[in-house]
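Per-entry structural report
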Amino acid sequence: MSKSKPTLTTEAGAPVADNQNSTSAGIGGPLLLQDQHLLEKLARFNRERIPERVVHARGSGAYGYFEVTDDVTGYTRAHFLGEVGRRTETFIRFSTVADNLGGPDAARDPRGFALKFYTEEGNYDLVGNNTPVFFIKDPLKFPDFIHSQKRDPFTGKQEPDNVWDFWAHSPEATHQVTWLMGDRGIPASYRHMNGYGSHTYQWTNAEGEIFYVKYHFKTNQGIRCLSGEQAAELCGTDPNSHQTDLLQSIERGVFPSWTLYVQIMPAGEAADYRFNPFDLTKVWPHKDYPLQRVGRLVLDRNPDNVFAEVEQSAFSPNNFVPGIGPSPDKMLQGRLFAYADAHRYRLGVNHTQLPVNAPKATTAANYGRDGLMATNAYGRHAKNYEPNSYGGPVETGLPLSAPRPVTGYWGTHEAPQHAKDDDFFQAGELFRLMSEEEKGRLVANIAGGLSQVTREDVIEKNITHFSAADPDYGRRVEAAVRELQEG
């Protein structure tokens, strides 16, 4: 015999007598304002959606764990990295960048790779992409960059004129454009791509020594990507392709995993390194700073509710733990504010109390009170100020990361130039690493978009950038664009 079903109630807990028929003034008459159940259902329905993320709107997520496999205590005192074999619960959110919440998963776009570690010293958020570099190096340009990639205010769709015009005026984007338009521009699934912290971060060991690090999550499933033609077909037949793949693989017990490596630079080497090590448009060559293995990330559980656990998940790079901190990377510095502020707007000031965002291995203890949807009421004797004489939480006096000296005058400075800093060298190096077939596909992908631009000066500026990276690169792009224009 089946168990009896629970009683349907209103949000206040009162039993609902009829969930099929609204209350009316007689048979066939108008509905009554007093039908609290009807009004509550319609009002809640109108409010089921919250503002979508301006960027990274379309995403998928999963829970898992991170296990340390190699000793890195010589570089960081972070507790969750402090012992081989230690496991920490994690939540990850993958995403596209430019499109809206209903956009297709298989678009040519960078992929977000945001990871939350529920450590015993608080949550540590690592936000990155599936590319090791980005389009710009200063956060002041970020709103303009995103506006150029999003829907045009007049036409309501992404415009090649806007996309390529911004890149024409941003030569530092040449490296990332080469990544995006190459063979890895469209991952076959979230499981078959790498993840990168992209930014440079600071690690501090127990002795107070400072190291700069870059994170590399290498997929253990192998890299698989889609051609432009395959992606176009998939976008039309299954716009939820990456979500479906991730969900079904975990449900089948085929748990995706990544191996975490880091590049480690002693702080004293940063000032004289041939590239600016804090420039987000550049990589550190592995021959200079080889990959060192740290551990393994495994995803083994799907969220039960996508809205509550994926859409409401909030990541901010300013969520550090002892032993890990920021670097002078300008883009990172801007994101330390912008990410958290985006979630305060979308989810409210108390979004950190939502289950997916709240600490799991420790308890948050602070003096934040009230605001929309506050649940941390505390007791009658708990004070909302510090210091106090009532046994409230107190500061440790121990900075999460080591202090860094600064000198000079405040002002709007360009980033310091290093010996081999320019906007094109690494883009050229990437191009020259490609096979002839890879170069052909890269050029075809670039020309397909650039040939749609209506301004010849914008086309010429972009070709100049590719030529500066490598003369052959520029010649091939120009020839392909002209062929498409004449055809």
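Residues numbered from 1 in each chain as written. Predicted model: local features only at pLDDT ≥ 70, side-chain atom pairs only at ≥ 80, totals over all residues. Heavy atoms only, no water.

Observations regarding the pairing of strand 4 (residues 122–129)
To keep it simple, the criterion reads: Note on exposure labels: buried denotes an accessible area under 20% of the residue type's maximum, exposed denotes more than 50%, and partly exposed covers the range between, all computed with a 1.4 Å probe on protein chains only. Secondary structure elements are taken from DSSP: a helix is a run of H or I of four residues or more, a strand is a run of E of two residues or more, and numbering for both begins at the N terminus. Pairing between two strands is assigned when DSSP locates at least 2 bridges connecting them.
The element strand 4 is largely enclosed, with a buried count of eight among its eight residues. Examined bridge by bridge, strand 3 (residues 111–119) and strand 4 share eight bridges and lie antiparallel to one another. Its bridge partner being in strand 4, Phe 113 is matched across the sheet by Gly 128. Between strand 3 and strand 4, which pair antiparallel in sequence order, lie two residues.

Some points on unusual backbone geometry
Looking along the chain, the bond that leaves Glu 386 and enters Pro 387 is cis, with omega of 5°. Here the phi dihedral of Ser 198 falls at roughly 65°; this positive angle occurs in a residue that is not glycine. Its place among the elements puts Ser 198 in the loop between strand 5 (195–196) and strand 6 (201–204). Notably, Asp 370 is not glycine yet its phi reads approximately 65°, a positive angle. Within the secondary structure, Asp 370 is located in the loop between helix 8 (330–347) and helix 9 (425–433). Accessibility expressed as a relative area gives 55% for Asp 370, which makes it exposed.

Overview of the UniProt feature "domain: Catalase core" (unreviewed entry) in the protein
Here is the rule: UniProt positions are given in the numbering used here, feature names are shortened, and annotations may be inferred rather than shown by experiment.
The feature "domain: Catalase core" (unreviewed entry), as given by UniProt, occupies residues 9–394 in the numbering adopted here. Along residues 9–394 one finds 21% helix and 20% strand; the C-alpha atoms at either end are 43 Å apart.

Looking at the side chain of Arg 111
The test is simple: Counted as positive: Lys and Arg. Counted as negative: Asp and Glu. His and the chain ends are not counted at all. Take a side-chain nitrogen of Lys or Arg and a carboxyl oxygen of Asp or Glu: if they are within 4 Å of each other, that pair is a salt bridge. Here a polar contact is recorded for every N or O atom pair within 3.5 Å, except that within protein the pair must consist of a potential hydrogen donor and a potential acceptor, and residues adjacent in sequence are included only if both atoms are side-chain atoms.
Looking at the element boundaries, Arg 111 is found in strand 3. Although Arg 111 is buried, it forms no salt bridge, and the closest oppositely charged side chain is Asp 109 at an N-O distance of 5.4 Å. A polar side-chain atom of Arg 111 sits 2.4 Å from the main-chain carbonyl oxygen of Asp 109.

Structural notes on the side chain of Asn 376
The following threshold applies: Note on definitions: a residue-residue contact is assigned when non-hydrogen atoms from the two residues lie within 4.5 Å.
As for its position among the elements, Asn 376 is in the loop between helix 8 and helix 9. Of the polar contacts made by the side chain of Asn 376, one reaches the side chain of Gln 353; its length is 3.2 Å. With near-sequence residues (within four places) excluded, Asn 376 lies in contact with Gln 353, Gly 368 and Arg 369.

Notes on helix 2 (residues 142–149)
Helical periodicity: at 3.6 residues per turn, an α-helix aligns residues three or four positions apart in one direction. The cut-off we apply is this: Starting at the helix axis, one direction is taken to each C-beta atom, and the arc is that of these directions.
Those residues of helix 2 that sit buried are Phe 145, Ile 146, Ser 148 and Gln 149. For helix 2, the angular spread of buried residues about the axis comes to 155°, placing them on one side.

Things to note about the pairing of strand 8 (residues 257–266)
Taking burial as the measure, the 10 residues of strand 8 include eight buried ones, the bulk of the element. Looking at chain direction, strand 7 (residues 210–219) and strand 8 are connected through nine bridges and run antiparallel. In the sheet register, Val 213 faces strand 8, and the bridge partner there is Ile 264. As judged from the six bridges shared by strand 8 and strand 9 (residues 292–301), these two strands associate in the antiparallel manner. The residue bridging Tyr 261 from the neighbouring strand is Arg 293, located in strand 9.

Considering the state of the cysteines
To keep things clear, this is the line we draw: Throughout, disulfides are identified as pairs of cysteine sulfur atoms within 2.5 Å of each other.
All chains considered together, the criterion is met by zero disulfides. The thiol sulfur of Cys 225 is not disulfide-bonded, and the nearest other cysteine sulfur, from Cys 235, lies at 14 Å. Relative accessible area serves as the criterion here: at 28%, Cys 225 is assigned to the partly exposed category.

Regarding the packing of aromatic side chains
Worth spelling out the cut-off: Working definition: a ring pair exists when centres of Phe, Tyr or Trp rings (six-membered ring for Trp) sit within 6.5 Å. Plane angles under 30 degrees give stacked, over 60 give edge-to-face, the rest tilted. Definition used: whenever NZ (Lys) or CZ (Arg) falls within 6 Å of the ring centre and also within 35 degrees of the ring normal, the charge is taken to sit over that ring.
Overall, the coordinates contain 31 aromatic pairs when judged by the stated rule. A cation over an aromatic ring shows up here: Arg 301 above the ring of Tyr 63, its NZ or CZ 4.0 Å from the ring centre. A cation over a ring is seen here: Lys 439 above Phe 431, with NZ or CZ 4.7 Å from the ring centre.

Thoughts on the packing of helix 10 (residues 436–450) against helix 12 (residues 471–486)
The following threshold applies: Each axis is a line fitted through C-alpha atoms, and for a helix only the stretch in contact is used; angles between axes span 0 to 180 degrees, taken between their N-to-C directions. In these notes the angle categories are as follows: under 35 degrees is roughly parallel, over 145 is roughly antiparallel, 65 to 115 is roughly perpendicular, and the rest is oblique. Should the near helix be turned counterclockwise from the far one by less than a right angle, the crossing is left-handed, whereas a clockwise turn marks it as right-handed. Each residue gets one of three labels, nonpolar for Ala, Val, Leu, Ile, Met, Phe, Trp, Tyr, Cys and Pro, charged for Asp, Glu, Lys and Arg, and polar for the others, Gly among them.
Running from N to C, helix 10 and helix 12 point in directions that differ by 50°, and their axes come no closer than 9 Å. Classed by the angle they form, the pair helix 10 and helix 12 counts as oblique. The hand of the helix 10/helix 12 crossing is right-handed. Seen from helix 10, the contacting residues are Glu 436, Lys 439, Gly 440, Leu 442, Val 443, Ile 446, Ala 447, Gly 448 and Leu 450; seen from helix 12, they are Tyr 473, Arg 476, Val 477, Ala 480, Val 481 and Leu 484. Its residues placed into classes, the contact of helix 10 with helix 12 shows 10 nonpolar, two polar and three charged.

Focus: the nonpolar core
Put simply, the rule reads: What makes a nonpolar core is a set of buried Ala, Val, Leu, Ile, Met, Phe, Trp, Tyr and Cys residues whose side-chain atoms join them at distances within 4.5 Å.
Counting residues in hydrophobic clusters, the biggest one holds 40 residues, and the most contacted among them are Phe 135, Trp 164, Trp 167, Ile 446, Leu 450 and Val 477. Of all the secondary-structure elements, those providing two or more residues to this core are helix 2, helix 3 (160–168), helix 4 (174–181), helix 9, helix 10, helix 11 (456–469) and helix 12. Setting aside anything within four residues of it in sequence, one finds Phe 135 in contact with Pro 110, Phe 145, Trp 167, Glu 172, Ala 173, Gln 176, Val 177, Leu 180 and Thr 281. Among the nonpolar cores identified, the runner-up in size contains 36 residues, and Ile 92, Tyr 215, Leu 260 and Leu 336 belong to it.

Some points on the environment of Ser 249
Here Ser 249 lies in helix 6 (residues 241–251). A relative accessible area of 0% means that Ser 249 is categorised as buried. Sequence separation between Ser 249 and Leu 299 is 50 residues; the distance between their C-alpha atoms is 9.9 Å. Once residues within four sequence positions are removed from consideration, Ser 249 is found in contact with Arg 191, Val 254 and Pro 256. A polar atom in the side chain of Ser 249 sits 3.0 Å from the backbone oxygen of Leu 246.

Brief notes about the environment of Ser 401
With respect to the secondary-structure elements, Ser 401 resides in the loop between helix 8 and helix 9. The exposure class of Ser 401 is buried, given its relative accessible area of 19%. Between the C-alpha atom of Ser 401 and that of Phe 154, which follows or precedes it by 247 residues, the distance is 47 Å. Not counting residues within four places of it along the chain, the set of residues in contact with Ser 401 comprises Gln 202, Thr 204, Ile 324, Gly 325 and Pro 326.

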